[in-house]
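# Observations on the model geometry
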Number of protein chains: 4
Amino acid sequence: MSSLNGVVPPVCTPLTPGYEVDVPSLVRLVDHLLDGGVDGLFVLGSTSEAAYLPDAHRRVVLDTVVGHVAGRVPVLAGVIDMTTLRVLDHVEAAVAAGADGVVATAPFYARTHPVEIDRHFRAVADRAGIPVYAYDLPVSVHTKLTADLLLSLAADGVLAGLKDSSGDEGGLREVILRRGAGFSVLTGGELTVDTALWMGADGVVPGLGNVDPHGYARLFREAAAGDWAAARAEQERLLRLYEMVRVGLPRMGAGASALGAFKAALHLRGIITHPTTALPQTPLNPGERDRISAHLATAGLL
Amino acid sequence: MSSLNGVVPPVCTPLTPGYEVDVPSLVRLVDHLLDGGVDGLFVLGSTSEAAYLPDAHRRVVLDTVVGHVAGRVPVLAGVIDMTTLRVLDHVEAAVAAGADGVVATAPFYARTHPVEIDRHFRAVADRAGIPVYAYDLPVSVHTKLTADLLLSLAADGVLAGLKDSSGDEGGLREVILRRGAGFSVLTGGELTVDTALWMGADGVVPGLGNVDPHGYARLFREAAAGDWAAARAEQERLLRLYEMVRVGLPRMGAGASALGAFKAALHLRGIITHPTTALPQTPLNPGERDRISAHLATAGLL
Amino acid sequence: MSSLNGVVPPVCTPLTPGYEVDVPSLVRLVDHLLDGGVDGLFVLGSTSEAAYLPDAHRRVVLDTVVGHVAGRVPVLAGVIDMTTLRVLDHVEAAVAAGADGVVATAPFYARTHPVEIDRHFRAVADRAGIPVYAYDLPVSVHTKLTADLLLSLAADGVLAGLKDSSGDEGGLREVILRRGAGFSVLTGGELTVDTALWMGADGVVPGLGNVDPHGYARLFREAAAGDWAAARAEQERLLRLYEMVRVGLPRMGAGASALGAFKAALHLRGIITHPTTALPQTPLNPGERDRISAHLATAGLL
Amino acid sequence: MSSLNGVVPPVCTPLTPGYEVDVPSLVRLVDHLLDGGVDGLFVLGSTSEAAYLPDAHRRVVLDTVVGHVAGRVPVLAGVIDMTTLRVLDHVEAAVAAGADGVVATAPFYARTHPVEIDRHFRAVADRAGIPVYAYDLPVSVHTKLTADLLLSLAADGVLAGLKDSSGDEGGLREVILRRGAGFSVLTGGELTVDTALWMGADGVVPGLGNVDPHGYARLFREAAAGDWAAARAEQERLLRLYEMVRVGLPRMGAGASALGAFKAALHLRGIITHPTTALPQTPLNPGERDRISAHLATAGLL
């Protein structure tokens, strides 16, 4: 795989009401994303509810998406787990399924240390044999990956890139400016895509890209063509659409609200059969779903 | 299983240098703990490196310990994972292996909410069919379980008890005083066992109990007999021994230092064959192991 | 002042509805506390709303309390401010007013470092010329004072003692066991006073001691006399009374709820004229005040 | 004062070795900044070491800067303190000194609540009678100001603008897009000024602007003229210069390192007489000052 860029949405995982992977819905969602013009797919990330999915579910997702995509775009696989040995099991499953790259966080739950984070990524890369992307997500992992650590791992060939969901745009820019060739930087900041691309980022991993992949693909093409004003207008439209993620607050967690909103939108758009989110997330109620519908109508997506 | 009490150490998981479970060492460790007079065993907790162990390792630990104990004391099994569906898989494995109870934390990595934590424990109890203990460990999970939540779940028969590693002794006392009959409260605060028992706690889950189970068993018996001065003296001795957990700081993480210290001590005492801790933890160096040896000598444990 | 011990309540600061110090109420409160049998007074601490009081208010409090006490018990003065030079101004005011000791936190707001915390306390002690007590309050200051730092400062004669409101009972015990002679350890953990005294603490700084000083004084005397069962019963009674601090949650901050509860109780007991708390705290409403009244009635304090 | 925009550096506070305000150096620094082409000055902010300065020092700073500027550019004054009544004292001092606006954070040290933050800003505005800017600085205050709170206060005429040092660029953008006319948004993110301006921010408050005001002024003028490529190149140059802030890590706090770097640079550039930072910050050593010198040389500032 050459250096990764463009729009690489973290693919939602449609579920049946009994919490099994809804494979036909997942296939339709992949088609919807490819039709939207995305440049890659990231399965088993946070927006995919990877933290909620048993290993058997993860394998179904991997097999379904890798098989259905059939090489049309690269497929990255999250290997999210607490520490190294558990992550290595996910790495093996991802490689066996034919993923084009893996995406790993720093260790969590366990109390860790910069030296141990370094050792963790080296062990992951040794096992993977395919590109490894660091996933910087302090809100979940409670550790921030520093520019020095990332660039040292990149220089040693351990990391092929970064998915930055830290929200630290100054730190992101420092990595962009100091990195060497071939190190992809993707932002998870879906409200600042135009500015991240302006700084030199290679692409974006937008959760809202499940709902409106065409919008993010337009944004990226406009930026790539140098039409920054059009990119900004598109980003501002998407920012307003993004307000849907707060629909369930404060009666549920921020995760349940955002993931519930994305899945309700996909359901309302006819792409997935059930808006079910995994246990123990609070489901949206009818009033909340109506508000999602209003957001979609405003955005011309119904 | 009747209401749980006494000394229930979180059993370390001996590993080979290649990071496999060292079954003969684990059997010797169980014998060492039973010889020490403990009242139960807690496998696959944080001190067991559960966050570091793949599922296959976890199954070996469960089968080995449940099989070797053969009902002499209750065996609790940690079911530590990010969210409900993943935890339910561990619950099934624990029940199948014959565990006497399961120990579950609040969800982590995922952003959660009190309503969702409640729903999580209810789902765990529905699946388990054996006693469920809540594991309050904010340092890892980044959520504190409130007295109101715990007692409401206890009143509904969801929870059989609490393992409190929150360090919040006022909150612990509130739970003790407000709980109903049959709800076990175990403290993970291994430096305040005498005072927790004085407040009314039923027992303790001491990581250092791997190294010196006889000491913790004496402490508990002395307290149970009302000889609080002897219990205090024993606790103060154990507090000094506990200083070993900082041996590797600050060049490694606090987890690697503490788990490395416990395993080095077990190795030096001839109980386990290798002091290996799981990836990516930094191993202790010879100087650090010498300091562990000095701690053991001071405590009369060599 | 010889080594400090016993019950040293953090004295609430009665305010007029216009947010001036209500001096007659403050005098009555001091009499109430002395009548309760307390061993010292701590003015301008967190429970005194020091963070809410302008310097002129602070001076009125100091002058009023030091003057009215007239040496009957020691009066400690909080010197709470962000960093050293500002704290030194408060130190000078406290010394000029005749305080018997000062109580200082680590720097806050500014991003700090262990070396700088050390330097801070040394500068405070150099200026004070009277005993300096470290105030460990991570919930406000966002830094935990370590045993090593405290004991090193104690060994150098910088610190005369510790007021520990960290909630870390294991750390508290470590300080108690490792300290030298003459270093006072007071706990701010008002739900675990009997056990802190059992560990060897010298005294307690209980916010609830404003409302029920007689109760805390009894608890301390019983413990000092070795009647630990009586001390425990008293502590358990006080724990139930302490539930009043949550009366305003979640519609206000935890500080406003607790301080509002203490002041409402003092008002209902006829000790202070107004239950006013300082801006911007949310005042209790009539229903909440009724619940405080019920708490007092249950405790036999009306 | 009409709506604020442009480059508004937070003015460093030069100190003598005895920690008094070095007035001649402060005057030279103001001249340096005005010569650099800045659009306003922000005194008594975090970069001004406001948290370290006693009230008497603060008054000297206010009088010196307001007097010397004499209306050539607006002067904003920080009123940083723990809670409302204390902040109101600073407000009165700032108004009396002739400041053109005040900048206030949410309460800190005290445990607070959104309703109380709202009440705090309303009390500040009632007293000030001059424009009030909210200062969003979670790293110091441990509370994030939400877009909903800010915009509600703006709609009621309480707030004239925002200085956003939260690092949350998505949140910043939301405020920019949702605000009404006349509400100024200044970013404290000195590594992302071009992109913040691109999003619609009105200006920047760059700590590094003390060292290189000409650079930030060029950046702003280029952006205002639509020459975004030139603005980006300038920003990237400043990002490299900004690396100086880490010169003292990890042997000192992040604040001491950054403030020490700025003051060392101003000293090396001949603008201030002493590089002294306030107690208890660790001073830079000669080797660290040499590294600052090298940074300046690389940037063509020596």
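Residues numbered from 1 in each chain as written. Chains lettered and ligands numbered in written order. Predicted model: local features only at pLDDT ≥ 70, side-chain atom pairs only at ≥ 80, totals over all residues. Heavy atoms only, no water.

## Considering the interface of chain A and chain B
Each partner contributes residues to the interface: chain A has 50 residues there, and chain B has 50 residues. Buried area between chain A and chain B, both sides added, is near 4,100 Å², and the carbon and sulfur share of it is 58%. Taken together, chain A and chain B are joined by four salt bridges. For the salt bridge of A:Asp81 with B:Arg86, the shortest nitrogen-to-oxygen distance reads 3.1 Å. Those elements that provide at least two residues to the side of chain A that touches chain B are α2 (55-69), α3 (84-97), α4 (114-128), α5 (138-141) and α11 (254-268) of chain A. For the side of chain A that touches chain B, the per-class residue count stands at 27 nonpolar, 14 polar and nine charged. (Contact = heavy atoms within 4.5 Å. Buried area = accessible area lost by both parts, 1.4 Å probe. Salt bridge = Lys/Arg side-chain N within 4 Å of Asp/Glu carboxyl O. Helix = DSSP H or I, 4+ residues; strand = E, 2+ residues; numbered from the N terminus. Nonpolar A, V, L, I, M, F, W, Y, C, P; charged D, E, K, R; others polar.)

## Concerning the interface of chain B and chain C
On the side of chain C, 22 residues touch chain B, which itself brings 22 residues to the contact. Surface buried jointly by chain B and chain C totals about 2,000 Å² across both partners, of which 60% is contributed by carbon and sulfur atoms. When the area that chain B buries against chain C is broken down by residue, the three leading residues are B:Arg173, B:Leu177 and B:Trp198, summing to 32%. Seen at the junction of chain B and chain C, the total is four salt bridges. The partner of B:Asp194 in a salt bridge is C:Arg173, and the shortest N-O contact between them spans 2.7 Å. Linking chain B with chain C are ten residue pairs in polar contact (both at pLDDT 80 or more). Contributions of two or more residues to the side of chain B that touches chain C are made by α7 (169-178), α8 (193-199) and α10 (228-242) of chain B. Taken together, the residues of the side of chain B that touches chain C break down into seven nonpolar, five polar and ten charged. (Polar contact = N/O pair within 3.5 Å; in protein donor to acceptor, adjacent residues only side chain to side chain.)

## Some remarks on empty space enclosed by the protein
All names here are of chain C. For the structure on display, the rule yields six cavities of 30 Å³ or more. Considering only enclosed or pocket space, the largest cavity measures out at about 40 Å³ in volume. Contributing to the lining of the largest cavity are Val8, Phe42, Leu76, Val103, Tyr133, Lys163, Leu186 and Val205. Tallied by class, the residues present in the lining of the largest cavity amount to seven nonpolar, no polar and one charged. (1 Å grid on protein atoms, 1.4 Å probe; cavity = no way out; pocket = protein on both sides within 12 Å on 5 of 7 lines; lining within 4 Å. Points joined across faces, edges and corners; volume = space filled by probe spheres on them.)

## Quick look at the relation of the copies chain B and chain C
After a rotation of 180° and a shift along the axis of 0.0 Å, chain B superposes on chain C with an RMSD of 0.0 Å. These values place the two chain copies in the arrangement generated by a two-fold rotation axis. No C-alpha of chain B lies nearer the rotation axis than that of B:Thr195, which sits 2.8 Å from it. Comparing interface residues between copies, 100% of those in chain B also sit at the interface in chain C, which points to an isologous, same-surface contact. (Least-squares fit on C-alpha atoms with pLDDT ≥ 70 in both.)

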